[in-house]
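# An overview of the molecular structure
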Amino acid sequence: MKTPGFIAYKNIIKRPARSIALMILAAVLSLSLLGGTLIVQALNNGFGSLEDRLGADIMVVPYEATTKQELENIVLQGNTGYFYMNGEYLDELTLLEGVGRISPQYYLASVKAGCCSMPVQIIGFDPETDFAITPWIKKSGSGEVGYLDAVVGNDLNAFVGDEMSFFGVKVNVVAKMDKTGTSYDTQVFTTRQTIQTLIEASLNKQLNEYASINSGNVISCILIDVDDTHNVDEVVNDINIHYKKLRAIRTTNMISGISDSLAAVSDIARIIIAAVWIVALGIMILTFFMMTGERKKEFAVLRVLGASRGKLAKTVLTEGVVLSFAGGIFGVILGLIIIIPFSGYIETKMALPFLLPGTHVIIFAAALAVLLSALAGALTAGIAAARIGMIDTGMILRKGE
């Protein structure tokens, strides 16, 4: 008597249409599980990265920046834009009660013209006081950033050793950031001295909307970390009450909308995964039930030849596991092909921070998706195999079914 594995193999080959259909169902299961898991994880990673990227309790900007809706677009979406306020506010807020760490940032948008290598958002920081950008640069293994040096985001088509031009000023790319899943990936970073030179150059070429500013005495925003003895909301209110031309914003409020969107997308992904699994498992159970019904005579003959009911059940189980395992592998491969190369496109369409997990997490998720697909196949095949125990061999053979 042939082994259950051999019989299962012959049945799989003999009925290619049914086998392919079951493999496709298993592929759908693994694809939905892997895809949903990676997308939700990437969104969670991106949101965590965004929180780290803001790097401060409070962001202080000119009041008009919030009325023009420019701030959120620049900080969260990576759009190009800039605004300025008097640099003296930095000195005043440094002395404010409750202020711990404090550091300025400078914004400038290059233009699509002969003066600039590419239209991009340029952010300047003060290396001596910065606590938001410098950690990301160091995390990428970068050294010191000097005058007329630049660090580029991971998604920009520029590399270490390249030379970029902004408003006729040449800057050298000295580092490229690791992927962050945030607006940092499409921005350029320079020191305070460098961006002041670039702002002055944009004024000289009459390519700056703020024609009357003093490039050496303006800043775009102030990042503040509140000390341990004060409440963040108290410091925010203090600034907003006493400085009418400024607007202090709690950074957690800036990303509350993204947090809500993330929760909604995650819930939708889980619902879709659950729905796909319920439908696919139902179809697989139905398919195996129909299969065992069609093969009653075959099973009856095998019983007469000496095959036990357990051996026949093992045959059906083997078919289910083999087809589900093969389909699971195919679904995982398809999912990786779709998600990894097109993660940037997915991020753009979702308009949310998107940072894929590390390789070890992806491998674990892929293996888990294949395993669960195989178990799903074994479960549905096992339910159908239980019918074999109810087959009346003599009656089937007498009827000639």
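Residues numbered from 1 in each chain as written. Predicted model: local features only at pLDDT ≥ 70, side-chain atom pairs only at ≥ 80, totals over all residues. Heavy atoms only, no water.

Mapped onto the secondary structure, D126 falls in the loop between β4 (121-125) and α6 (134-139). With relative accessibility at 11%, the residue D126 sits in the buried group. Separated by 23 residues in the primary sequence, D126 and S103 place their C-alpha atoms 6.9 Å from one another. Among residues more than four places away in sequence, those in contact with D126 are S103, P104 and R192. (Helix = DSSP H or I, 4+ residues; strand = E, 2+ residues; numbered from the N terminus. Buried < 20%, exposed > 50% of the residue type's maximum accessible area, 1.4 Å probe, protein only. Contact = heavy atoms within 4.5 Å.)

What follows covers the nonpolar core. Counting residues in hydrophobic clusters, the biggest one holds 72 residues, and the most contacted among them are L93, F166 and I222. It is strand β3 (residues 99-109) that contributes the most residues to this core, six residues altogether. Leave out the neighbours within four places in its chain, and I222 touches I58, M59, V60, M85, Y89, L90, L93, I102, S103 and P104. L22, I273, L323 and V332 belong to the second largest nonpolar core, which has 19 residues in total. (Core = buried A, V, L, I, M, F, W, Y, C linked by side-chain atoms within 4.5 Å.)

Burial along strand β5 (residues 149-152) is two-sided: the residues D149 and V151 and A150 and V152 are all buried. With four bridges joining them, β5 and strand β7 (residues 169-176) adopt parallel strand pairing. Along β7, the bridge assignment pairs V151 with A175. Of the pairings in the sheet, the one linking β5 to strand β8 (residues 187-191) comprises two bridges and is antiparallel in character. Bridge pairing links V151 to F189 in β8. (Pairing = 2+ DSSP bridges.)

What follows covers unusual backbone geometry. Positioned with a positive phi, F167 is a non-glycine residue whose angle comes to about 55°. Secondary-structure assignment places F167 in the loop between β6 (163-166) and β7. You can call F167 buried: its relative accessible area is 2%. For Q206, which is not a glycine, the phi torsion comes out positive at approximately 55°. With respect to the helices, strands and loops of the structure, Q206 is situated in the loop between α7 (192-204) and β9 (218-219).

Per-residue confidence for the chain gives a mean pLDDT of 81; residues scoring 70 or more make up 81%. Across the chain, the secondary-structure element scoring lowest on mean pLDDT is helix α15 (residues 393-399), at 45, and the one scoring highest is β9, at 94. Counting contacts from residues 392-401, a segment whose pLDDT is below 50, to residues more than four positions away or on other chains yields 14 contacts. (pLDDT = per-residue confidence, 0-100.)

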